[in-house]
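# A structural walkthrough
What follows is the residue order along each chain.
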Amino acid sequence: MELTKRLLFLDDIRYPIEAYHYTKQDIFLRKDWHIVRNYEQFVNRILEKGLPEMISFDHDLADEHYLKTNSQEFIEKTGYDCAKWLVEYCMDNYLDLPKFYCHSMNPVGKENIESLLKNFKNL
């Protein structure tokens, strides 16, 4: 049986060990992270492998997310888009939301992702 990585790390540039350095969360020291760099990889990984044990979200997944202030202008999808897709996927398939963490350094994006997921979890 293939050992499936049970932790999903969504970030366009960082690795889990880098998130550990500023979050001090021991989970980022684990070796069983699967890294996805964008919305498409995030969706495909879950569709192919099922829900992971835990997902850690970054908000800004492309250079344009660091440069513009109005999220309506983004062409590339953000971590928030991934979180919205995840909620829909869980609702459509009657699945519980996996554990989640948001390691994003974007305070507004982080708050948006956490609020969305916490609200869904409390339904």
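In case you missed it, the structure is sitting above this.
It should be emphasised that the depicted structure is a prediction, and the values quoted were computed from it without experimental measurement. (Residues numbered from 1 in each chain as written. Predicted model: local features only at pLDDT ≥ 70, side-chain atom pairs only at ≥ 80, totals over all residues. Heavy atoms only, no water.)

### Description of the nonpolar core
- With 22 residues, the main nonpolar core has F42, I46, F57, L86 and L117 as its most contacted residues.
- Counting residues per element, the ones that place at least two in this core are β1 (7-10), α2 (39-49), β3 (54-57), α4 (79-92) and α5 (107-121). (Core = buried A, V, L, I, M, F, W, Y, C linked by side-chain atoms within 4.5 Å. Buried < 20%, exposed > 50% of the residue type's maximum accessible area, 1.4 Å probe, protein only. Helix = DSSP H or I, 4+ residues; strand = E, 2+ residues; numbered from the N terminus.)

### Considering unusual backbone geometry
- Of note, K24 is a non-glycine position whose phi angle comes to about 60°, a positive value.
- Within the secondary structure layout, K24 lies in the loop between α1 (16-23) and β2 (33-36).
- Judged by relative accessible area, K24 falls into the exposed class, the value being 53%.

### A word on α1
- Within α1, burial applies to P16, A19, Y20 and T23. The arc that holds the buried residues of α1, viewed along the axis, is 110°, so those residues lie on one side.
- Against β1, β2 and β4 (99-102) lie the buried residues of α1.
- Residue K24 follows α1 closely and has a positive phi angle near 60°. (Arc of directions from axis to C-beta. Contact = heavy atoms within 4.5 Å.)

### Quick word on α2
- Inspection of α2 places F42, V43, R45 and I46 among the buried residues, and these make up the whole buried set. End-on, the buried residues of α2 take up no more than an arc of 160°, which puts them together on one face. Turned more than 90 degrees away from the buried face of α2, the exposed residues are E40, L47 and E48.
- Against β1, β2, β3 and α4 lie the buried residues of α2.

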